Amino acid sequence: MARILVTGGTGFIGRHLVQTLVQQGHTVRCLVRPSSHVQPLANWGVERITADLSDETQLTQAVRGSDVVYHLAGLVRALHPREFYEVNQEGTARLARACARQTTPPRVILVSSVAAAGPSARGKLRVESDPPAPISHYGRSKLAGEQAAAAFSAEIPLTIVRPGIVFGPWDRGLVRILRAIRQLNFHASPGFFPPPLSYIHVEDLVELLIEAERRGTRVPARPEEQPGTGCYFAVAPEYPTYAELGRLVRPMLARRWAPVLPIAGPIAWCVAGVNECLSRLRGRADELSLDKIRDALASSWACSGEAARRELGFSPARPLAQRLRETIEWYRAQGWL
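If you're wondering where the values come from, they're calculated on a predicted model, not measured in any experiment. (Residues numbered from 1 in each chain as written. Predicted model: local features only at pLDDT ≥ 70, side-chain atom pairs only at ≥ 80, totals over all residues. Heavy atoms only, no water.)

What am I meant to see in the pairing of strand β1 (residues 3–7) here?
Each regular strand shows side chains that alternate between the opposite faces of the sheet. Along β1, 4 of the 5 residues are buried, which leaves the element largely enclosed by surrounding structure. Looking at chain direction, β1 and strand β2 (residues 27–32) are connected through 5 bridges and run parallel. Paired with R3 across the strands is T27, a residue of β2. Crossover connection from β1 via helix α1 (residues 12–23) to parallel β2: handedness right-handed. (Buried < 20%, exposed > 50% of the residue type's maximum accessible area, 1.4 Å probe, protein only. Helix = DSSP H or I, 4+ residues; strand = E, 2+ residues; numbered from the N terminus. Pairing = 2+ DSSP bridges. Right-handed = clockwise from strand over helix to strand, strands pointing away.)

As structure tokens, this is what we get:
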């Protein structure tokens, strides 16, 4: 069994990964902040290491003795763009450097995002070897994090995983969408031509992450010479748009009438801008922001999962619609919906 360090273990994806690793018999440690909710980790007997991605000395000590590092910690919303880069780029660079300093560097699985790859043309699936072209600060910061880690690929065995939209039990993002549909009886969708989206259920993502560690290819010492090598999109083979998602879940919510309401691009930009200003006044970042609208109004986020199927033997356990239904049932059982 391996000695594994997980960053971001108290987050939505992290708690699923940590629980699975513990069930498999691994020795798991988690990097946590003083403010983190650690009770689930305590219940599973997981060692908690209080450290921060901004402190390289702490990271070097936390990594020591690890066979594997799963790096999930990152920033998905921010009041100012520089915050994305400080955590997603600089924090990843510090962790990679800490891993490279070990006598026997651990295998590193970096969880990035399809946003790091950037959108593709409509009707075309993006593949890992396509030149990345992110359009949001979030996407650029995740790509910068990939590049920061890849700078140490000659010293650490590195594999990058780019998930699509992740959903499942404990996800509070999808439940907000579902509550809005139930309460308002309509589904607001930015733009008149919303992009196809990539999705993955959290349990499927955890399976892919573990397989990527076990038998995934590694980023080469010269990544520019073999684009896409050591990188995998984690996506389901269905790509509904945000509008189509509303139509898909409507019957699951027992709503006979919940039409999709397209929001014109200029209006979406204005609403996001106002909300971003309010967020800064409150001092609390919100998901609805100008950065989010940049991604929401892109051409397509449909990415191919062929590399993961071919090299890792991975495919989602169940169709997307069934996974959505399971998630909605979990929300109901927990009283979230």
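Would you mind going over helix α12 (residues 320–334) with me for this structure?
Over its 15 residues, α12 extends 21 Å from the first C-alpha to the last, a length consistent with the 21 Å expected when each residue adds 1.5 Å. Here α12 has its buried residues at L320, R323, L324, T327, I328, W330 and Y331. Taken end-on, α12 shows its buried residues confined to a sector of 155°, consistent with a single buried face. The inward-facing, buried residues of α12 abut β7 (165–167), α6 (172–184), β9 (199–201), α7 (202–215) and α8 (242–249). (Expected span 1.5 Å × (residues − 1). Arc of directions from axis to C-beta. Contact = heavy atoms within 4.5 Å.)

Even after reading the chapter, I still don't get the packing of α1 against α7, so can you show me in this structure?
In a pair of packed helices, the angle between the axes and the distance between the axes together describe the arrangement. Where α1 meets α7, the axes come as close as 10 Å, and the angle between the chain directions of the two elements is 60°. Our classification of the angle between α1 and α7 gives oblique. Crossing geometry of α1 relative to α7 is assigned as right-handed. Residue-level contacts link F12, I13, H16, L17, T20 and L21 of α1 to V202, L205, V206, L209 and I210 of α7. (Axes fitted to C-alpha atoms, helices over the stretch in contact; angles between N-to-C directions. Parallel < 35°, antiparallel > 145°, perpendicular 65-115°, else oblique. Left-handed = near helix turned anticlockwise from the far one by under 90°.)

Sorry if this is basic, but what is going on with the environment of P259 here?
Mapped onto the secondary structure, P259 falls in the loop between α8 and β11 (260–263). Remark: the alpha-carbon pair of P259 and A296, spanning 37 residues in sequence, is separated by 19 Å. For P259, the residues in contact, after removing those within four places along its chain, are N185, F186, H187 and R250.

I keep staring at empty space enclosed by the protein and nothing clicks. Help me out?
Take a probe with the size of a water molecule and roll it over the atoms, and the empty space left behind shows itself. Within the structure shown, the criterion is met by 4 cavities of 30 Å³ or more. One number sums up the size of the largest cavity: a volume of about 50 Å³. Lining the largest cavity are H71, A73, N88, T92, L110, V111, S112, K142, G145 and E146. Going through the elements one at a time, α4 (81–100), β5 (107–111) and α5 (137–150) are the ones with two or more residues in the lining of the largest cavity. Counting residues per element, the lining of the largest cavity draws most heavily on α5, which supplies 3 residues. (1 Å grid on protein atoms, 1.4 Å probe; cavity = no way out; pocket = protein on both sides within 12 Å on 5 of 7 lines; lining within 4 Å. Points joined across faces, edges and corners; volume = space filled by probe spheres on them.)

What should I look at first to understand the sheet that holds strand β3 (residues 47–50) in this one?
The pairing of strands in a sheet comes from backbone hydrogen bonds and takes either a parallel or an antiparallel form. Overall, parallel pairing links the 7 strands, which are arranged β3-β2-β1-β4-β5-β6-β10 in an open sheet. Taken across any chain shown, the strands that pair with only one partner, and hence form the sheet edges, are β3 and β10 (231–234). Adjacent strand axes in the sheet meet at a mean angle of 20° when their direction is disregarded. Pairing of β5 with strand β6 (residues 158–163), which is carried by 4 bridges, proceeds in the parallel orientation. Within the sheet, the bridge partner assigned to I109 lies in β6 and is T159. Where helix α3 (residues 56–63) meets the sheet, it contacts β1, β2 and β3, and its direction lies at approximately 170° from that of β2. Set on the sheet, α5 makes contact with β5 and β6; between it and β6 the angle comes to about 170°.

I would appreciate a short explanation of the layout of surface pockets in the present structure.
Here the second largest pocket is characterised by a volume of approximately 330 Å³. What lines the second largest pocket is a set of 20 residues, and nearest its centre among them are E146, R162, P223, P227 and G228. Those elements that place two or more of their residues in the lining of the second largest pocket are α5 and β6. Among the elements that line the lining of the second largest pocket, the one with the most residues is α5, at 4 residues. Of the residues belonging to the lining of the second largest pocket, the class tally is 9 nonpolar, 6 polar and 5 charged. (Nonpolar A, V, L, I, M, F, W, Y, C, P; charged D, E, K, R; others polar.)

How should the nonpolar core be read in this particular structure?
Buried together is how nonpolar side chains tend to be arranged in soluble globular proteins. Grouped together as the largest cluster of nonpolar side chains are 34 residues, with contacts concentrated most on V6, L17 and Y70. Mapped by element, the contributors of at least two residues to this core are β1, α1, β2, β4 (68–71), β5, α7, β10 and α11 (306–312). If you tally residues by element for this core, the top one is α7, at 7 residues. Those residues within four positions of L17 in sequence are excluded, and the remaining contacts are V6, Y70, L72, V206, L209 and I210. By size, the runner-up hydrophobic cluster in this structure holds 26 residues, among which are V114, L197, M252 and A258. (Core = buried A, V, L, I, M, F, W, Y, C linked by side-chain atoms within 4.5 Å.)

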